[in-house]
Amino acid sequence: MNHSQWRTRRARQLLGETVEDGSEYDRMYEDAGLARELGQLVYDRRTALGLSQSELAERCGMKQPQISRIEGGGTVPTIPLLRRLARALDAELTIDLTPKNATR
C-alpha cells in the first residue's frame, strides 16, 4: 500500500466509512511499528556507545545510509545482518515469541 492509498483509506475511516481489507492494513501498520521499534533500539544502543552512524556502519561492514534507514524504521534487516549489528553494538541478539495473551 503506497502513501496515497493509505491517506485515502485513512480519510475514509475518519468519515466513518467501512474500509475493506482492514487486516492487510493492520498487518502493514504492525510491521511498520516493529521496524520503528527496532530502529529505536539500534539508535539507543549506538548513542549509548558514543558511536556515529558511520562508525557503526564501518564496524558491521555496511554503509552509513543503511544504518540511517534501519534507525528510521525504513527497512527491516535480515537475521544475518541483525547478528552483525548486534556484534557491532556489543549486544546479544535475542528473538522472542510471546503468546498473544501474555503480558510483557
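Here the residue numbering is sequential within each chain, running from 1 through the sequence in written order. Totals for whole chains, interfaces and linings use all residues, but because this is a predicted model, local features are given only for residues with pLDDT of at least 70 and pairs of side-chain atoms are given and counted only at 80 or more. For side-chain calculations, the full set of non-hydrogen atoms in the structure is used, while hydrogens and water are omitted.

Peer 1: Got a minute to help me understand helix α5 (residues 79–88) in this structure?
Peer 2: The periodicity of an α-helix, 3.6 residues per turn, causes residues three or four positions apart to be oriented the same way. Using a 1.4 Å probe on the protein chains alone, a residue whose accessible area is under 20% of its type maximum counts as buried, one over 50% counts as exposed, and one in between counts as partly exposed. Segments assigned H or I by DSSP are reported as helices when at least four residues long, segments assigned E as strands when at least two residues long, and all are numbered from the N terminus. Residues of α5 that are buried include every one of Leu81, Leu82, Leu85, Ala86 and Ala88, and no others. Viewed end-on, α5 has its buried residues packed into an arc of 165°, placing them on one side of the element. The arc in question is traced by the directions running from the helix axis to the C-beta atoms.

Peer 1: Looking at this structure, how should I read the confidence of the model for the protein?
Peer 2: Low-pLDDT stretches of the model should not have their predicted coordinates read in fine detail. Confidence per residue, as judged by the predictor, is encoded in pLDDT with a range of 0 to 100. Summing up the model confidence of the protein, the mean pLDDT is 85 and the portion of residues at 70 or higher is 76%. Put simply, helix α1 (residues 3–14) is where the protein has its lowest mean pLDDT, 65, and helix α3 (residues 53–59) is where it has its highest, 97.

Peer 1: Looking at this model, I keep getting lost on the pattern of salt bridges. Mind explaining?
Peer 2: Pairs may arise between side chains of opposite charge once their charged atoms sit close together. Throughout this description, the term salt bridge denotes a Lys or Arg side-chain nitrogen within 4 Å of a carboxyl oxygen of Asp or Glu. Per the counting criterion, the structure on display carries two salt bridges. Measuring nitrogen to oxygen at the nearest pair gives 2.5 Å for the salt bridge that ties Arg46 to Glu71. Taken together, the positions of Arg46 in helix α2 (residues 22–48) and Glu71 in helix α4 (residues 64–71) put the pair 25 residues apart, joining distant regions of the chain. The exposure classification of Arg46 matches that of Glu71, with both residues buried.

Peer 1: In this structure, what is going on with unusual backbone geometry? I would like to understand it.
Peer 2: Trans is the common state for peptide bonds, and a negative phi is the common state for residues other than glycine. Even without glycine at this site, Asp90 takes up a positive phi of about 50°. The topology assignment puts Asp90 in the segment after α5.

Peer 1: Where do I start with a nonpolar patch on the surface in this structure?
Peer 2: Like charges within 9 Å and nonpolar side chains (Val, Leu, Ile, Met, Phe, Trp, Tyr) within 5 Å are joined into patches, using only residues over 30% in relative accessible area that form no salt bridge. Every accessible area reported is derived by Shrake-Rupley at a probe size of 1.4 Å, with residue values counting cover from the shown protein chains alone. A grouping of Ile79, Leu93 and Ile95 is seen on the molecular surface, where their side chains present a nonpolar patch of about 280 Å² in accessible area. The topology assignment puts Leu93 in the segment after α5.

Peer 1: Got a minute to help me understand the environment of Tyr43 in this structure?
Peer 2: As for its placement among the helices and strands, Tyr43 is situated in helix α2. Accessibility expressed as a relative area gives 37% for Tyr43, which makes it partly exposed. Sequence-wise, Tyr43 and Ser68 are 25 residues apart; in three dimensions their C-alpha atoms are separated by 9.1 Å.

Peer 1: Please explain the side chain of Gln53 as it appears in this structure.
Peer 2: The topology assignment puts Gln53 in helix α3. Take Gln53: its relative accessible area is 18%, and that puts it in the buried class. Within 3.5 Å is the distance limit for a polar contact, defined as a pair of N or O atoms, with the added protein rule that one can donate a hydrogen and the other accept it, and that residues adjacent in sequence qualify only through two side-chain atoms. A distance of 2.8 Å separates the side chain of Gln53 from the side chain of Glu71, its partner in a polar contact. Setting aside chain neighbours within four positions, we find Gln53 in contact with Arg46, Gln64, Ile67, Ser68 and Glu71. Contacts: residue pairs with any heavy atoms within 4.5 Å of one another.

Peer 1: I tried to follow the nonpolar core on my own but got confused; where do I start?
Peer 2: When a protein is soluble and globular, its nonpolar side chains tend to lie buried together. Among the buried residues, those of types Ala, Val, Leu, Ile, Met, Phe, Trp, Tyr and Cys that are joined through side-chain atoms within 4.5 Å form a nonpolar core. Residues Val42, Leu56, Ala57, Cys60, Met62, Ile67, Ile70, Leu81, Leu85, Ala88 and Leu89 constitute the largest nonpolar core, which totals 11 residues. Elements that contribute at least two residues to this core include exactly α3, α4 and α5. Dropping the residues within four chain positions of it, Ala57 is found in contact with Met62, Lys63, Gln64 and Ile67.

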